[in-house]
Amino acid sequence: MAHFPKDFLWGGAVAAHQLEGGWNKGGKGPSIADVMTAGGNGIPRRITDGVIEGENYPNHEAIDFYTHYREDIALFGEMGFKAFRTSIAWTRIFPNGDDAEPNEEGLAFYDDMFDCCHEYGIEPVITLQHFEMPYHLATEYNGFADKRCIDFFERFARVCFERYKGKVKYWMTFNEINNQSAAPIAHHMLQEGAVLNIGDKPEELMYQASINELIASAKAVKACHEIDPDAMIGCMIAFCPLYAKTCDPKDQMEKTWADHKRYWYCDVHAKGRVPAYIFRYWERMGFNIDLSDEEIAILKEGIVDYIGFSYYMSFATAARDDNPEFNFYEAGIPGVGQAGDIVPNEFLKTTDWGWPVDPLGLRYALNWFYERYDQPLMIVENGFGAYDKVEADGSVDDSYRIDYLREHIRAMIDAVEKDGVNLLGYTMWAPIDIVSASSGEMDKRYGFIYVDKNNAGEGTLARSRKKSFYWYKHVIETNGAELD
Ligand code: BG6
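Because the structure is a prediction, the values reported are computed rather than measured.

Rules used in this analysis
Residues numbered from 1 in each chain as written. Predicted model: local features only at pLDDT ≥ 70, side-chain atom pairs only at ≥ 80, totals over all residues. Heavy atoms only, no water. Helix = DSSP H or I, 4+ residues; strand = E, 2+ residues; numbered from the N terminus. Rg over C-alpha atoms; globule rule 2.2 N^0.38 Å. Buried < 20%, exposed > 50% of the residue type's maximum accessible area, 1.4 Å probe, protein only. Contact = heavy atoms within 4.5 Å. Areas by Shrake-Rupley, 256 points an atom, 1.4 Å probe, with all protein chains shown as cover. Lys, Arg positive; Asp, Glu negative; His and termini not counted. Charge placed at Lys NZ, Arg CZ, Asp CG, Glu CD. Near = heavy atom within 4 Å. Polar contact = N/O pair within 3.5 Å; in protein donor to acceptor, adjacent residues only side chain to side chain. Pairing = 2+ DSSP bridges. 1 Å grid on protein atoms, 1.4 Å probe; cavity = no way out; pocket = protein on both sides within 12 Å on 5 of 7 lines; lining within 4 Å. Points joined across faces, edges and corners; volume = space filled by probe spheres on them. Nonpolar A, V, L, I, M, F, W, Y, C, P; charged D, E, K, R; others polar. pLDDT = per-residue confidence, 0-100. Core = buried A, V, L, I, M, F, W, Y, C linked by side-chain atoms within 4.5 Å. Expected span 1.5 Å × (residues − 1). Axes fitted to C-alpha atoms, helices over the stretch in contact; angles between N-to-C directions. Parallel < 35°, antiparallel > 145°, perpendicular 65-115°, else oblique. Left-handed = near helix turned anticlockwise from the far one by under 90°. Phe/Tyr/Trp six-rings, centres within 6.5 Å; stacked < 30°, edge-to-face > 60°.

The next point concerns the overall build of the chain. A count of helical and extended segments in the chain gives 14 helices and 13 strands. Taking 23 Å as the expected radius of gyration for a compact globule of 484 residues, we find that the chain reaches 21 Å, a close match to that expectation. Counting only C-alpha atoms and orienting by the principal axes, one finds that the chain spans roughly 60 × 55 × 45 Å. Relative to its 484 residues, the chain shows a buried fraction of 61%. A separation of at least 24 residues holds for 75% of the contacts in the chain among residues at least 6 apart in sequence. Put simply, the chain shows about 17,600 Å² of open surface, and 51% of that area lies on carbon and sulfur atoms. Averaging the locations of the 47 positively and 77 negatively charged side chains of the chain gives two centres separated by 3 Å.

Structure (structure tokens):
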């Protein structure tokens, strides 16, 4: 029995900077991803002052999708993809971000790539800002700390909607906009909003940049509705369920505030208003956030059409006597640095990068969103980063990846069938091996397709099919009915 409607968007998701390469080709300008060095497992990436010769910048070449896209999309087509989520690199269209005119060569690149998707019956699902803002906007404006970036983003979004009208039906504004509410602060504020200088009041600045991004997002939603009424435009939230560590009411209240601080962004996107608890928090903290009545009205007009979210893991949180309120902002992410109010969850195993594995958490997530917002949902990222071993005959037996995905898809089916959630699609992360966003590694692999390139940047870039390639093809063929 098939579990999903025939037009369910099975597919995969990536981001331009993590696979395209060609960082300075076709008139493209440098993005913030182009000044981030390779880190490692547990070793953070460094942000350099411009591009410095001799440093290892893994996004400069990535997997050179810029020249291999026809071959790669053909492989997605072979798996039967109905959707391919990627982003438009802002710097291909506006190399500096504040340019008066768009770069035709960049626009033409995406025209051809989207056409290629349609040749295989694949619907492009496009994010406008996925950790790749123009570096110039970071150095000249301090990114979204400056309200002028709202207009630059709106201009970029309008150019994309006009140009790709009829070719792109599903849009998203900012990828994982809420991650800047977590540590490591500088890294996230740069990735989400191109904020290079976090100053001496980073939390206040984080809220200001977030509000400016939410206004920019609302303006883009409005513009999309005007320009292409047939398209749908959504938001993208990094969702990790935050479980209370115990049934102690204090832990439960801690969990409530954890949700507030992590997910107020979604209230703005989906309800069109900043929630009262956030206004009160700003007051209590003495934060002076610049948000005019006119901007509040814009937020109301920019309600999204669907909620996209990524799901990899869950966290547990416990109240601390010395800190009565959850503070994810000071906390870390397991594997990246654990501190603050995130505590280990004894019920879950973790990946080699310390990310807790929790398939049932995906069902929880789908229910959490649906009961709060009553909007169509899309799982736009879910996947398993692992070390893969290539056998002598060139094959890769990645049964662990299949196990991870199978359990998550089962949880998704339960959410649809038993809980009645309205789900548009599932684009796993990432169908082909690409550069890791957090660590800059190539050896943290997610793909169904192996790419011959290692952390040091060595390899032929040849593509080959892993065991999971054939498994996912069958899942799509049977519309989720056969997962074994
Ligand atoms: C999400 C991002 O946070 O997780 C992606 O939207 C990222 O860009 C993905 O690649 C997986 O994280 P990582 O650090 O393993 O690449």
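Having seen it, we continue.
Time to look at the site of the ligand. Lining the immediate environment of the ligand, one finds 14 residues, of which Gln 18, Glu 176, Ser 438, Lys 444 and Tyr 446 sit closest. Between the ligand and His 130 there is a distance of 2.8 Å, counted from an oxygen atom to a side-chain nitrogen or oxygen. In this structure, an oxygen atom belonging to the ligand sits 2.8 Å away from a side-chain N or O atom of Glu 381. Burial of the ligand by the protein chains amounts to 94% of its free accessible area of 370 Å².

Strand-to-strand pairing in sheets goes through backbone hydrogen bonds, with the strands running parallel or antiparallel. Spatially, β6-β8-β9 is the arrangement adopted by the three strands of the open sheet, whose pairing is mixed. Every other strand in the sheet has two partners, leaving β6 (242-244) and β9 (342-343) as the edge strands with one partner each. One ladder, built from three bridges, connects β6 with strand β8 (residues 315-317); its direction is parallel. Paired with Tyr 243 across the bridge in β8 is Ala 316.

Here we take up empty space enclosed by the protein. Evaluation of the coordinates by the stated rule reveals five cavities of 30 Å³ or more. Its boundaries defined by the atoms lining it, the largest cavity holds a volume of some 80 Å³. Lining the largest cavity are 13 residues, with Ala 16, His 17, Gly 21, Lys 28 and Asp 34 positioned closest to its centre. Counting only elements with at least two residues in the lining of the largest cavity, the list comes to α1 (16-19) and α3 (90-93). When the residues that make up the lining of the largest cavity are grouped by side-chain class, the tally is three nonpolar, five polar and five charged. Volume-wise, the second largest cavity comes out at about 60 Å³. Lining the second largest cavity, in full, are Tyr 312, Thr 351, Trp 355, Pro 356, Val 357, Gly 383, Phe 384, Gly 385, Tyr 404, Lys 444 and Tyr 446. Of the residues assigned to the lining of the second largest cavity, the class counts are seven nonpolar, three polar and one charged.

As a further point, take the confidence of the model for the chain. Mean pLDDT over the chain works out to 94, with 96% of the residues at or above the 70 mark. Every residue in residues 332-339 scores below 50 in pLDDT, and together they form 22 contacts with partners more than four places removed in sequence or on other chains.

The biggest cluster of nonpolar side chains holds 147 residues, and the ones touching the most others in it are Trp 171, Trp 282, Met 412 and Tyr 472. Take this core: its biggest share by element is 13 residues, from helix α8 (residues 202-227). Those residues within four positions of Tyr 472 in sequence are excluded, and the remaining contacts are Trp 10, Gly 11, Met 79, Phe 81, Tyr 426, Met 428 and Phe 448. Residues Ala 83, Met 236, Val 380 and Leu 424 belong to the second largest nonpolar core, which totals ten residues.

Once that is clear, we can look at helix α4 (residues 104-119). Over its 16 residues, α4 extends 23 Å from the first C-alpha to the last, a length consistent with the 22 Å expected when each residue adds 1.5 Å. For α4, the complete set of buried residues consists of Gly 106, Leu 107, Phe 109, Tyr 110, Asp 111, Met 113, Phe 114, Cys 116 and Cys 117.

At a closest axis distance of 9 Å, the pairing of helix α6 (residues 148-164) and α8 adopts a crossing angle of 25°. Overall, the two elements α6 and α8 adopt an arrangement that is roughly parallel. Read as a crossing pair, α6 and α8 show a hand that is right-handed. Where α6 abuts α8, its residues Ile 150, Asp 151, Phe 153, Glu 154, Ala 157, Arg 158, Phe 161 and Glu 162 lie against Asn 212, Ile 215, Ala 216, Ser 217, Lys 219, Ala 220, Ala 223, Cys 224, Glu 226 and Ile 227.

So, about the packing of α4 against α6. Relative to each other, α4 and α6 sit at 45°, their axes nearing to 11 Å. By the criterion of interaxial angle, the relationship of α4 to α6 is oblique. Read as a crossing pair, α4 and α6 show a hand that is right-handed. When α4 is examined against α6, the residues Glu 104, Gly 106, Leu 107, Ala 108, Tyr 110, Asp 111 and Phe 114 are found in contact with a partner set consisting of Val 159, Arg 163 and Tyr 164. Residue composition of the contact of α4 with α6, grouped by class: six nonpolar, one polar and three charged.

The full count for this structure, using the stated rule, is 52 aromatic pairs. Centre to centre, the rings of Phe 239 and Phe 369 are 4.8 Å apart; their planes meet at 55°, and the pair counts as tilted. Remark: Phe 369 occurs in helix α12 (residues 359-373) and Phe 239 occurs in the loop between β5 (232-238) and β6; sequence separation between them is 130 residues. Ring geometry for Tyr 243 against Tyr 364: centres 5.5 Å apart, planes inclined by 75°, an arrangement best described as edge-to-face. Here Tyr 364 lies in helix α12 and Tyr 243 lies in strand β6, a separation of 121 residues in the sequence. Owing to a relative accessible area of 21%, Tyr 243 belongs among the partly exposed residues under this scheme. Here Tyr 364 falls in the partly exposed class, since its relative accessible area comes to 28%.

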